Amino acid sequence: MLDLQGNALTELPDSLGQLPRLTTLNLRFNALTHLPDTLGDLHALHTLDLRANALTTLPERLAHLPTLRKLDLRWNRIEKLPDAFDTLIERGCQVYL
């Protein structure tokens, strides 16, 4: 588990994707405007909390995370999820927009 909540982060390092056993990533209440594509390498991730950032888009690779069960995107600037994220919802991932 990695909790980076409320740190006024504006960007994340690509190396964050090199944590293969990470299951929970809490990034809420930061100032993120984009996410690195390498988050798509977090194959053990089951909870990704991105609430209250400044995101307008998401890396498509997030839609293919095999164990993701909860994706919280509330209080961002994302108006609609890309079609690729339909597969997450279809397999039971809770997506909050």
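Provided above is the structure to which this section pertains.
Since we're looking at a predicted model, the values are computed, not measured.

**Q** Lay out the nonpolar core in plain terms, naming residues and giving numbers.
**A** The nonpolar side chains of soluble globular proteins are, as a tendency, buried together. Core analysis: the largest hydrophobic core is formed by 26 residues, its most contacted members being Leu25, Leu35, Leu48, Leu50, Leu58 and Leu71. If near-sequence neighbours (up to four positions away) are discounted, Leu58 is found in contact with Leu35, Leu50, Leu73, Ile78, Leu81 and Phe85.

**Q** Quick one: what's the story with the pattern of salt bridges, residue by residue and with numbers?
**A** Counting across every chain of the model gives six salt bridges. Its salt-bridge partner being Asp49, residue Arg51 comes within 2.6 Å of it at the nearest N-O pair. Given the relative accessible area of 14%, Arg51 is considered buried. Asp49 gets classed as buried once you look at its relative accessible area, which sits at 7%. Asp72 is the partner of Arg74 in a salt bridge, and the nearest nitrogen-oxygen pair spans 2.5 Å. In this structure Arg74 comes out as partly exposed when scored by relative accessible area, which is 28%. The class of Asp72 is buried, set by a relative accessible area of 0%. Via salt bridges that share partners, Arg28, Asp49, Arg51, Asp72 and Arg74 belong to a single interconnected network.

**Q** Break down the side chain of Asn76 for me, with residues and values.
**A** Residue placement: Asn76 occurs in the loop between strand S4 (70-72) and helix H1 (86-90). Residue classification places Asn76 among the buried positions, given a relative accessible area of 16%. Here Leu50 takes part through its backbone oxygen, which lies 2.9 Å from a polar atom of the side chain of Asn76. Within polar-contact distance, the side chain of Asn76 engages the backbone oxygen of Leu73 at 3.0 Å.

**Q** How would you explain the packing of aromatic side chains if you had to name every residue and give the values?
**A** Applying the stated criterion across every chain yields a total of zero aromatic pairs. Positioned above the aromatic ring of Tyr96 is the side chain of Arg74, whose terminal nitrogen or guanidinium carbon lies 4.9 Å from the ring centre.

**Q** Can you lay out the environment of Thr10 for me, pointing to particular residues and giving the numbers?
**A** Note on placement: Thr10 falls in the loop between strand S1 (2-3) and strand S2 (24-26). Under the relative-accessibility criterion, Thr10 is labelled partly exposed at 49%. With 22 residues separating them in the primary sequence, Thr10 and Leu32 have C-alpha atoms 4.5 Å apart. The residues touching Thr10, leaving out its near neighbours within four places in the chain, are Ala31, Leu32 and Thr33.

Thresholds, definitions, all that
- Residues numbered from 1 in each chain as written.
- Predicted model: local features only at pLDDT ≥ 70, side-chain atom pairs only at ≥ 80, totals over all residues.
- Heavy atoms only, no water.
- Core = buried A, V, L, I, M, F, W, Y, C linked by side-chain atoms within 4.5 Å.
- Buried < 20%, exposed > 50% of the residue type's maximum accessible area, 1.4 Å probe, protein only.
- Contact = heavy atoms within 4.5 Å.
- Salt bridge = Lys/Arg side-chain N within 4 Å of Asp/Glu carboxyl O.
- Helix = DSSP H or I, 4+ residues; strand = E, 2+ residues; numbered from the N terminus.
- Polar contact = N/O pair within 3.5 Å; in protein donor to acceptor, adjacent residues only side chain to side chain.
- Phe/Tyr/Trp six-rings, centres within 6.5 Å; stacked < 30°, edge-to-face > 60°.
- Lys NZ or Arg CZ within 6 Å of the ring centre and 35° of its normal.

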